[in-house]
Amino acid sequence: MKKALVVFSGGQDSTTCLFWALKNFDEVETVTFDYNQRHKQEIEVAKAICAEVGVKNTVIDMSLLNQLTSNALTRDDIEIKDGENGSLPTTFVDGRNHLFLSFAAIMAKSKGIKNIITGVCETDFSGYPDCRDMFVKSLNVTLNLAMDYPFVLHTPLMWIDKKETWALAAELGAFDYIREKTLTCYNGIIGDGCGECPACKLRSEGLHQFLTEKEGGKADVQQ
Ligand code: ZN
């Protein structure tokens, strides 16, 4: 029985990972981190998706992150914007992914789960150092040593861009579901979102490219 734990936020990427996990593992459950993100709704969306898909979801309180640092995802008074002149975007939280994966690993081991899946990606890399492949591989070794347990961290989206993430969703038979039910938007609008925030722009550009190529592909076949 191959078991997996998906680090799950209810967004496009982690929902694609959830469907990927359901295809590749016998038993799947999810963990969602509550760090007082701007939109509590994110937690509700994550719970709702897990209930619909029929996987267990555990929410872990990570509000301690806000005692350590402040950023635009957790504070209403900080504007969300892209990094300028090589600086990180205001949504960056130092070490967030590092902590999430470490907490997920502790939980996974307690449940006899070796496989941990995360939707981090180096392709649309906004400069978050703990989303890079090198970091995930390094942490994998560290976690195995820390807990004397053979964890395998899986990153199905690491080398694909948003267009290819949509293509993967389609391949997994989950394209419409992910398009309609997930929350990526920083302004808390489910599905295609507000269309204005950096997360929506990235998501909709990829979606547009995917749909354009798909249409193009169909046209090629018809000729
Ligand atoms: Zn948006």
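Residues numbered from 1 in each chain as written. Predicted model: local features only at pLDDT ≥ 70, side-chain atom pairs only at ≥ 80, totals over all residues. Heavy atoms only, no water.

Caption draft 1: Geometry of the coordination of the zinc ion. Coordination of the zinc ion by the protein is provided by C185 (SG), C194 (SG), C197 (SG) and C200 (SG), with metal-donor distances spanning 2.3 to 2.4 Å. Within one chain, the residues serving as donors to the zinc ion are arranged as C-x8-C-x2-C-x2-C. (Donors = N, O, S within 2.8 Å, 3.2 Å for Na, K, Ca; no water.)

Caption draft 2: Broad picture of the packing of helix 1 (residues 12–24) against helix 6 (residues 162–171). The contact between helix 1 and helix 6 brings their axes to 10 Å, and the two run at 35°. The interaxial crossing formed by helix 1 with helix 6 has left-handed handedness. Two secondary-structure elements touch here, helix 1 through Q12, D13 and T16 and helix 6 through K162, T165, W166, L168 and A169. Split into classes, the residues belonging to the contact of helix 1 with helix 6 amount to three nonpolar, three polar and two charged. (Axes fitted to C-alpha atoms, helices over the stretch in contact; angles between N-to-C directions. Helix = DSSP H or I, 4+ residues; strand = E, 2+ residues; numbered from the N terminus. Left-handed = near helix turned anticlockwise from the far one by under 90°. Contact = heavy atoms within 4.5 Å. Nonpolar A, V, L, I, M, F, W, Y, C, P; charged D, E, K, R; others polar.)

Caption draft 3: Representation of the nonpolar core within the structure. Formed by 34 residues in total, the largest nonpolar core has its most connected members in V6, L18, F25, V28 and I117. Elements represented by at least two residues in this core include exactly strand 1 (3–7), helix 1, helix 2 (41–53), helix 6, helix 7 (175–181) and helix 8 (198–222). By residue number, the principal contributor to this core is helix 1, which donates five residues. Setting aside anything within four residues of it in sequence, one finds L18 in contact with V6, F8, V28, T30, I49, V53 and V55. L65, V93, A108 and L143 belong to the second largest nonpolar core, which has 29 residues in total. (Core = buried A, V, L, I, M, F, W, Y, C linked by side-chain atoms within 4.5 Å. Buried < 20%, exposed > 50% of the residue type's maximum accessible area, 1.4 Å probe, protein only.)

Caption draft 4: Summary view of the side chain of D133. Within the secondary structure, D133 is located in helix 5 (residues 133–147). Looking at D133, its side chain comes within polar contact range of the side chain of K137, at 2.5 Å. (Polar contact = N/O pair within 3.5 Å; in protein donor to acceptor, adjacent residues only side chain to side chain.)

Caption draft 5: Inspection of helix 6 at higher detail. Among the residues of helix 6, those classed as buried are K162, K163, T165, W166, L168 and A169. Structurally, the start of helix 6 carries an N-cap: the backbone nitrogen of K163 is 3.2 Å from a side-chain oxygen of D161. At the C-terminal side of helix 6, G173 shows a positive phi close to 75°.

Caption draft 6: Examining the pattern of salt bridges more closely. On inspection of all chains with the given rule, the structure shows seven salt bridges. Between E44 and K47 there is a salt bridge whose closest N-O contact spans 3.8 Å. In this pair, E44 and K47 are both assigned in helix 2, three residues apart and thus about one turn of the helix distant. The class of K47 is partly exposed, set by a relative accessible area of 38%. Its salt-bridge partner being R179, residue D192 comes within 3.1 Å of it at the nearest N-O pair. With D192 in the loop between helix 7 and helix 8 and R179 in helix 7, the pair connects residues that are 13 residues apart, well separated along the chain. Look at D192 and you get partly exposed, because its relative accessible area is 41%. (Salt bridge = Lys/Arg side-chain N within 4 Å of Asp/Glu carboxyl O.)

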